[in-house]
Amino acid sequence: MADPWLIAGLGNPGERYAPTRHNVVALVVSSLRETLGARLRKVRFLPAEAAEAKYREVPLLLVRPGTWMNLSGPPIASFARRRGVPVDRVVACHDELDLPFGALRIKKGGSTAGHHGLDSLVEAFRSPDFYRIRMGVGRPPGRKDPVDFVLEPFAKPERDEVDSMVADACDAVLSLVTEGLSVTQSRYNRGGIRES
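Please read all numbers here as calculations on a predicted model, not as lab measurements.

Caption draft 1: Structural context of the environment of V177. Its location among the elements puts V177 in helix α5 (residues 159-179). Overall, the relative accessible area of 8% leaves V177 in the buried class. Taking C-alpha positions, V177 is 9.7 Å from R56, a pair spaced 121 residues apart along the chain. Non-local contacts of V177, meaning those with residues more than four positions away in its chain, are made with W5, I7, V58 and L60.

Caption draft 2: Inspection of the nonpolar core at higher detail. Core analysis: the largest hydrophobic core is formed by 39 residues, its most contacted members being I7, V24, I133 and M135. The dominant element in this core, judged by the number of residues it contributes, is α5, at 10 residues. Each residue touching V24, except ones within four places of it in the same chain, is listed here: D95, M135, V137, F154, V162, M165 and V166. Counting residues in hydrophobic clusters, the runner-up holds 23 residues, among them L6, L10, V43 and V87.

Caption draft 3: Broad picture of the sheet that holds strand β3 (residues 48-55). Strand order across the open sheet formed by seven strands is β2-β3-β4-β1-β5-β7-β6, with mixed pairing between neighbours. Of all the strands in the sheet, the pair left with one neighbour each is β2 (41-42) and β6 (104-108). Lying over the sheet, helix α1 (residues 24-36) contacts β1 (5-9), β3, β4 (58-65), β5 (90-96) and β7 (131-136), oriented at roughly 140° with respect to β4. Contacts from α5 reach β1, β3, β4, β5, β6 and β7, with the element oriented near 165° to β7.

Caption draft 4: Molecular detail of the pairing of β1. Extensive coverage of β1 is indicated by the burial of five of its five residues. On β1, burial covers both faces: W5, I7 and G9 on one face and L6 and A8 on the other are all buried. By the bridge criterion, four bridges tie β1 to β5 in an arrangement that is parallel. Looking at the pairing, G9 lines up with C93 of β5.

Caption draft 5: Spatial organisation of the side chain of D95. Note on placement: D95 falls in strand β5. Salt bridges are absent for the buried D95, whose nearest opposite-charge side chain, R21, sits at 8.6 Å. Of the polar contacts made by the side chain of D95, one reaches the side chain of H22; its length is 2.9 Å. A distance of 3.1 Å separates the side chain of D95 from the side chain of H115, its partner in a polar contact. Ignoring any residue separated from it by four or fewer positions in sequence, one finds D95 in contact with R21, H22, V24, V25, M69, H115, M135, V137 and V150.

Caption draft 6: Structural detail: the pattern of salt bridges. Tallying each qualifying case throughout the model produces 11 salt bridges. Between E158 and R21 there is a salt bridge, with the nearest N and O atoms lying 3.2 Å from each other. Placement of the pair is E158 in the loop between α4 (146-150) and α5 and R21 in the loop between β1 and α1, with a sequence separation of 137 residues. Relative accessible area serves as the criterion here: at 6%, E158 is assigned to the buried category. Residue classification places R21 among the buried positions, given a relative accessible area of 5%. We note a salt bridge from E34 to R33, for which the minimum N-O separation is 3.5 Å. By relative accessible area, E34 is classed as exposed at 55%.

Criteria and cut-off values
- Residues numbered from 1 in each chain as written.
- Predicted model: local features only at pLDDT ≥ 70, side-chain atom pairs only at ≥ 80, totals over all residues.
- Heavy atoms only, no water.
- Helix = DSSP H or I, 4+ residues; strand = E, 2+ residues; numbered from the N terminus.
- Buried < 20%, exposed > 50% of the residue type's maximum accessible area, 1.4 Å probe, protein only.
- Contact = heavy atoms within 4.5 Å.
- Core = buried A, V, L, I, M, F, W, Y, C linked by side-chain atoms within 4.5 Å.
- Pairing = 2+ DSSP bridges.
- Axes fitted to C-alpha atoms, helices over the stretch in contact; angles between N-to-C directions.
- Lys, Arg positive; Asp, Glu negative; His and termini not counted.
- Salt bridge = Lys/Arg side-chain N within 4 Å of Asp/Glu carboxyl O.
- Polar contact = N/O pair within 3.5 Å; in protein donor to acceptor, adjacent residues only side chain to side chain.

This is the structure:
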């Protein structure tokens, strides 16, 4: 059997934050779970939910931490160690202020660009060498605080594009674990609908 991949969706817990820009990746984990017929269950002794799935004979572990975004690294890294998943088989899906709304980028390693969820992962894994599915939410308009911006729901005109971005992010995850980084980048990297 092939070695498993761990797919982590970074976000904030609770219904209040579910529809916000910061939690767009929770939709990716939920969509993958539905597509693959998996069920999230509470992980014993960790603040996280996880599901086991398979795609084209590749085992997948879908993980959603139950901590705040800025503290998501320890439960994800602990679960990865528990299941024997090395950092280079971890895919972190996250929102990205520095990409235009609707943009999608796939990469491995590199800077966290100040994203505190990624900072937490890098610290917990002691390595930046995991894959990232970066989902553009754009910069806030005017002088709006970026923290307030990412904790707001998407505007009504944005919602169709969110659905499209989530669907492409799910497909990108499945492509990444079966066909590799370069194929996935050429197929799914895209600009946003509001280029900056």
